[in-house]
Amino acid sequence: MKPLALFGGTFDPIHIGHLSVAWEASELLDAEVRLMPANVPPHRPAPTASATQRVEMLRAALRGQSRLTLDTRELERSGPSYTYDTLEELRREAGERPLVLLLGADAFAGLRSWHRWRELFNVTHIGVINRPGIDACVPAEVERAVAARRTDDPEVIRSQAAGKVIELAVTPLEVSATRIRELLAAGRDPRYLLPAGLFDDAALLAPYRAP
Ligand code: ATP
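Residues numbered from 1 in each chain as written. Predicted model: local features only at pLDDT ≥ 70, side-chain atom pairs only at ≥ 80, totals over all residues. Heavy atoms only, no water.

Rule in force here: UniProt positions are given in the numbering used here, feature names are shortened, and annotations may be inferred rather than shown by experiment.
The name an unreviewed UniProt entry assigns to the protein chain is Probable nicotinate-nucleotide adenylyltransferase, from the organism Dyella nitratireducens. UniProt, in its Catalytic activity (unreviewed entry) section for the protein chain, records the words "nicotinate beta-D-ribonucleotide + ATP + H(+) = deamido-NAD(+) + diphosphate".

Okay, here's the thing in structure tokens:
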């Protein structure tokens with residue numbers, strides 16, 4: 001069955017790193033990929049752009065194709081959501097359809113700090129995306145928990161609903177939203193690190209430009 005893959009993030013702003021890896025993950029798994037912007041918990045630094053502005057940028061970035069779609073359910077809830085709860089809700093909607101949580105290697109290395117992380121495998125597979133320029137050493141506790149779940153065969157992902165971990169070798173692009181925010185704040189114009197749609201309307205990038 002065609003898997004449904006979820007790619008969560010702050011997307012502050014969405015950049016070509018996100019889009020390119022989501023696209024390639026979709027090709028490698030033959031999956032529909034939904035980008036899912038997150039509410040940021042109060043103890044973390046607030047995103048520069050508001051939730052509404054981040055969604056507007058996502059909509060502009062995704063225009064003109066249908067492989068990558070947008071899922072705003074986490075923003076529609078009042079507070080921040082736990083990934084586990086979101087995936088459990090999606091599991092109820094998806095029936096037996098395979099679900100894949102896509103994580104950059106840095107996010108996967110930090111899995112241990114997530115609410116109910118061991119139970120994630122009851123509801124989803126995890127697709128780990130390589131990310132250059134980031135020291136993402138998987139802690140021994142996480143490796144022990146996932147060792148028996150690893151597969152390198154996308155067919156295994158397609159044939160069961162949840163429970164596996166697959167490494168997805170995508171084209172490495174060393175791009176981060178942090179770097180893009182720095183460039184925009186310094187008055188630079190990182191035109192080719194951002195999807196073209198973000199330049200269609202000057203208001204979209206205004207939150208990041210110096211006043
Ligand atoms: P920031 O610099 O603000 O922390 P970011 O560029 O890391 O932002 P996020 O929205 O935090 O972007 O990331 C969402 C997801 O995308 C995470 O799983 C992250 O690991 C992954 N990701 C972001 N950029 C890349 C990239 N260039 N290559 C692979 N994965 C990426």
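## Overview of the site of the ligand
Inclusion rule: We call a residue near a given molecule or strand whenever any one of its heavy atoms falls within 4 Å of it. As used in this structure description, the phrase polar contact means that two N or O atoms lie within 3.5 Å; if the pair is within protein, one of them must be able to donate a hydrogen and the other to accept it, and residues adjacent in sequence are counted only when both atoms belong to side chains. Here the open area of atoms and residues is found with the Shrake-Rupley method and a 1.4 Å probe, where only the protein chains shown may cover a residue. The pocket and cavity definitions rest on a 1 Å grid over protein atoms only: a 1.4 Å probe that fits but cannot leave marks a cavity, an open set with protein on both sides within 12 Å along at least five of seven lines marks a pocket, and residues lining either have an atom within 4 Å of a point. Those molecules having more than half of their atoms within 2 Å of a cavity or pocket grid point set are described as sitting in that cavity or pocket. Strands are runs of DSSP state E lasting at least 2 residues, helices are runs of H or I lasting at least 4, and numbering of each runs from the N terminus. For this classification, the nonpolar set comprises Ala, Val, Leu, Ile, Met, Phe, Trp, Tyr, Cys and Pro, the charged set comprises Asp, Glu, Lys and Arg, and every other residue, Gly included, is treated as polar.
Taken together, 21 residues lie near the ligand, and His18, Asp106, Leu173, Ala177 and Thr178 sit nearest. Measuring from a nitrogen atom of the ligand, one finds a backbone N or O atom of leucine 173 at 2.8 Å. Residue threonine 178 places a side-chain N or O atom 2.4 Å away from an oxygen atom belonging to the ligand. For the ligand, whose unbound accessible area comes to 610 Å², protein coverage reaches 85%. In this structure the site holding the ligand corresponds to the largest pocket. Elements with a minimum of two residues in the shell around the ligand: β1 (4-9), α1 (16-29), α5 (105-109) and α9 (177-185). Considering only residue class, the shell around the ligand consists of 8 nonpolar, 10 polar and 3 charged.

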